[in-house]
Amino acid sequence: MKVKIARSAGFCMGVRRAMEIVLAEVHKDNTKGLYTLGPLIHNSQVLELLESKGVKVLNDLKEAAASKVVIRAHGIPPGLRAELRKIQARIVDATCPKVARVQAIIRYYTRKGYTGIIVGDADHPEVVALKGYGDDKVWVISDESQVSRLPIDHQNVFVVAQTTQNAKSYEQIVKKIKERSPRALVFDTICEATHLRQEEVRALARQVDAIVVVGGYHSGNTRRLVEIARSTGKPAFHVETPGDLDAKALEKMDVVGVTAGASTPNWLIKDVVAELEKIKGKKETHLGRIINKIVKSLVLSNVAAASAAASMSYSVGHFLHKPSSIYPLITFLYIYAMHVLNRFLDRTASAYNEPERASFLMRHGRALAFMGALSILGAIGLSLKLGLRTFIALLVLSLLGLIYSVPLIPKGLRLGTRYRKIKDVPGSKTLSEALAWTALIIAIPLLNGRLQGATDLIVIGSCVLVLAFVRAAIFDIFQLQGDLIAGSETLPILLGEKRTLFLLKALLFVVGAGSLLAPAIGITTPMFCLAAVPAATTATCVLVYERAWAMPGISFEALVETNFILLGALVAIWVHL
Ligand code: SF4
């Protein structure tokens, strides 16, 4: 079945930020006494996950004495904040910046003597908190009929909306208020994330046969999405987990649209999408399903990643006029073995990042482990043919790869550090993967005296390092949520997603420009200009992700790996022309 995923599906900025703040606290190794004031988000799977990590929902304020208390995205009234301080709770503020802006508006104008009107649901935690910022000088209304009862005659008035308020009804209510108080100051405080998500469901409904909305059954914004989807006339299904999908009803569809509430994590969306893809669509051909299955197996078994590395090795051999089949083979075997092993040791993150990969690992764990062991032995065996230096280098590289995810400092040993594995060192995952690729593709052949020349070696070596780094960082971005949960400090977690994406685009631009310039000024072989192709196609992948034109998943991973396999194919065509 074809699945179209809404660009806005999943965590909004405020919820993502709140999750990141809580998880950062969890991984500080002091989870004892970490509370949230109310459920962090309306998603039972996420709440269960947080509970399993020692994060409790605060029921009684006294429980929080001298503990850490996280203020969720909705914020809290200043009075409650003062009470928390009184009992010496350590406040971790995860109030959404957009909500904090509304709080600031209310505080500023009520202090200046204005009367405030909040348009929203009086019982909603966000509104309860907002009201607290205006003492008794603010009124909460939810519809036009309440405007006439407001005591606002001869007063300076300002109006704000609950951030998730419906834009149309806010407009109508404001119109009524203006009739009574023409000089009222009106602030646009509606969060565009909610509005965009709702608009997108309407647009998506026009392109698909049915809509699946993923999210908690108690989540207000998810339920609103279901209502909107149904109002378009298309069948709409509200599911919390893949198990809730009605396969029989969905079999009648060909294309299904998927969206999700602001509190739905990516792994649940991916889980539902993977399950939907298993259902045979009305017009889906047998051949299409087989091709899809093959591509998935290649990615999930790590054959695609190993092929991408081997393709780079093959291309570099030709760029440096020393083509050889043994180096691409060693590269393939080594990368395959390391990927299998590290995915295995990193199962926690996989379960949250790539549920499909996690279940693949569960199903084929033994076979994969056997193949991985066989591959690393094969790579080391082959290196023996190239001499002692290469053999020792590959042995060292293999040991480094093997100990990467293994705790070097036992858990019981209290050394005051939470860095127990090489993997725990911030940013190490991205860099070590890039360095391993470069060592295999450039350094190992160099040891054997197969690559000579200085300038072209530096240019081509830098290109390999950067491309491998960008590839690793893209996957780290795809796996951001799961890595956060598992506590892995990858480059995107360290720098933030936006800055990492900017860095990747800049690096790809340098590689693209360099690979066109170097042959033009005679530093490298003319064939090296082909390296501009993976730079350009990978930059396109970055853009596609950034603009949310596609959601990370197995198909997207296959696309990224194809960029590198494509380079080898182009080099082969160039050589044989
Ligand atoms: S919906 Fe908007 S205002 Fe509310 S938490 Fe998300 S980003 Fe913040």
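Note that the structure is a prediction, hence the values are computed from the model and not measured.

Colleague: Explain the domain arrangement of the protein chain to me, please; I cannot follow it from the model alone.
Modeller: Interface size is often expressed as the accessible area that is lost when the parts come together. What the domain assignment reports for the protein chain is domain 1 (10-95), domain 2 (98-190), domain 3 (195-293) and domain 4 (294-576). Using only C-alpha atoms to locate each centre, domain 1 and domain 2 end up separated by 27 Å. In this complex, domain 1 contributes 10 residues to the contact, which on the side of domain 2 involves 11 residues. Carbon and sulfur atoms supply 66% of the area that domain 1 and domain 2 bury against each other, a total of about 720 Å² over both sides. The tally of links from domain 1 across to domain 2 stands at 0 salt bridges. Across the contact surface, domain 1 and domain 2 share 0 residue pairs in polar contact (both at pLDDT 80 or more). Its residues assigned to classes, the side of domain 1 that touches domain 2 comprises 5 nonpolar, 3 polar and 2 charged.

Colleague: What's the story with the sheet that holds strand β12 (residues 255-260) in this structure? I'm lost.
Modeller: Each strand in a sheet pairs with its neighbour through backbone hydrogen bonds, running either in the same direction (parallel) or in the opposite one (antiparallel). Read across the open sheet, the 4 strands follow the order β1-β12-β10-β11; overall the sheet is parallel. Each edge of the open sheet is held by one strand with a lone partner, namely β1 (2-5) and β11 (236-239). Pairwise comparison of adjacent strand axes, ignoring direction, gives a mean angle of 25 degrees for this sheet. Strands β10 (210-214), β11 and β12 of the sheet are contacted by helix α8 (residues 220-231), whose axis makes an angle of about 165 degrees with β11. Packing against the sheet, helix α10 (residues 266-278) makes contact with β1, β10, β11 and β12, and its axis sits at approximately 170 degrees to β12.

Colleague: Please clarify how helix α21 (residues 497-520) should be interpreted in this entry.
Modeller: Two residues of an α-helix separated by three or four positions point the same way, owing to the 3.6 residues in each turn. When the terminal C-alpha atoms of α21 are compared, their 35 Å separation across 24 residues agrees well with the 34 Å that a helix rising 1.5 Å per residue should span. Along its buried surface, α21 packs onto α18 (455-478), α20 (491-495) and α22 (532-546). The positive-phi residue at the C-terminal boundary of α21 is Gly522, with phi of around 80 degrees.

Colleague: Is there a simple way to explain a positive patch on the surface in this structure?
Modeller: Where like charges cluster on the molecular surface, the positive patch consists of Lys2, Lys4, Lys282 and Lys283. For Lys4, the location among the structural elements is in strand β1.

Colleague: I tried to follow a nonpolar patch on the surface on my own but got confused; where do I start?
Modeller: A cluster of nonpolar residues, Leu388, Ile392, Val396, Leu399, Leu400, Leu402 and Ile403, forms a patch on the protein surface that exposes about 610 Å² of accessible area. Tracing the backbone shows Leu399 in helix α16 (residues 388-403).

Colleague: How should the site of the ligand be read in this particular structure?
Modeller: The local shell around the ligand consists of Cys12, Gly14, Cys96, Lys98, Thr163, Cys191 and Thr194. Broken down by class, the residue content of the shell around the ligand amounts to 3 nonpolar, 3 polar and 1 charged.

Colleague: It is not clear to me how the pattern of salt bridges should be interpreted in this structure. Could you clarify?
Modeller: It is possible for side chains bearing opposite charge to pair when their charged atoms get close. Summed over all chains, the structure comprises 12 salt bridges. Across the pair Lys98 and Glu192 runs a salt bridge, and its minimum N-O distance is 3.2 Å. Residue Lys98 is found in helix α4 (residues 97-111), and its partner Glu192 is found in helix α7 (residues 192-205); the two are separated by 94 residues along the sequence. Among the salt bridges present, the one from Arg180 reaches Asp153, with a minimum N-O distance of 2.9 Å. Here Asp153 lies in the loop between β7 (138-141) and β8 (157-161) and Arg180 lies in helix α6 (residues 167-180), a separation of 27 residues in the sequence. On the basis of relative accessibility, which here comes to 48%, the residue Asp153 falls in the partly exposed class.

Colleague: Just checking my understanding: could you explain the pairing of β8 for this structure?
Modeller: Consecutive residues of a regular strand have side chains that alternate between opposite faces of the sheet. Counting buried residues along β8, 5 of its 5 residues qualify, which places the element largely inside the surrounding structure. Of the pairings in the sheet, the one linking strand β6 (residues 115-119) to β8 comprises 5 bridges and is parallel in character. In the strand pairing of β8, Ile117 is matched with Val159. When β8 meets strand β9 (residues 185-186), the two strands line up parallel, connected through 2 bridges. By the bridge assignment for β9, Val159 is matched with Val186. Handedness of the crossover joining β8 and β9 through α6 is recorded here as right-handed.

Colleague: Just checking my understanding: could you explain the nonpolar core for this structure?
Modeller: Generally speaking, soluble globular proteins have nonpolar side chains that are buried together. With 75 residues, the main nonpolar core has Met312, Ile330, Tyr334, Leu394, Trp437 and Val560 as its most contacted residues. Ignoring sequence-local partners within four residues, the contact set of Ile330 consists of Ala379, Leu382, Ser383, Leu386, Leu394 and Leu440. Residues Val3, Val212, Val226 and Ala236 belong to the second largest nonpolar core, which totals 34 residues.

Criteria and cut-off values
- Residues numbered from 1 in each chain as written.
- Predicted model: local features only at pLDDT ≥ 70, side-chain atom pairs only at ≥ 80, totals over all residues.
- Heavy atoms only, no water.
- Domains from an automatic or database assignment.
- Contact = heavy atoms within 4.5 Å.
- Buried area = accessible area lost by both parts, 1.4 Å probe.
- Salt bridge = Lys/Arg side-chain N within 4 Å of Asp/Glu carboxyl O.
- Polar contact = N/O pair within 3.5 Å; in protein donor to acceptor, adjacent residues only side chain to side chain.
- Nonpolar A, V, L, I, M, F, W, Y, C, P; charged D, E, K, R; others polar.
- Pairing = 2+ DSSP bridges.
- Helix = DSSP H or I, 4+ residues; strand = E, 2+ residues; numbered from the N terminus.
- Axes fitted to C-alpha atoms, helices over the stretch in contact; angles between N-to-C directions.
- Expected span 1.5 Å × (residues − 1).
- Patch = residues over 30% accessible without salt bridge, like charges linked within 9 Å, V, L, I, M, F, W, Y side chains within 5 Å.
- Areas by Shrake-Rupley, 256 points an atom, 1.4 Å probe, with all protein chains shown as cover.
- Lys, Arg positive; Asp, Glu negative; His and termini not counted.
- Charge placed at Lys NZ, Arg CZ, Asp CG, Glu CD.
- Near = heavy atom within 4 Å.
- Buried < 20%, exposed > 50% of the residue type's maximum accessible area, 1.4 Å probe, protein only.
- Right-handed = clockwise from strand over helix to strand, strands pointing away.
- Core = buried A, V, L, I, M, F, W, Y, C linked by side-chain atoms within 4.5 Å.

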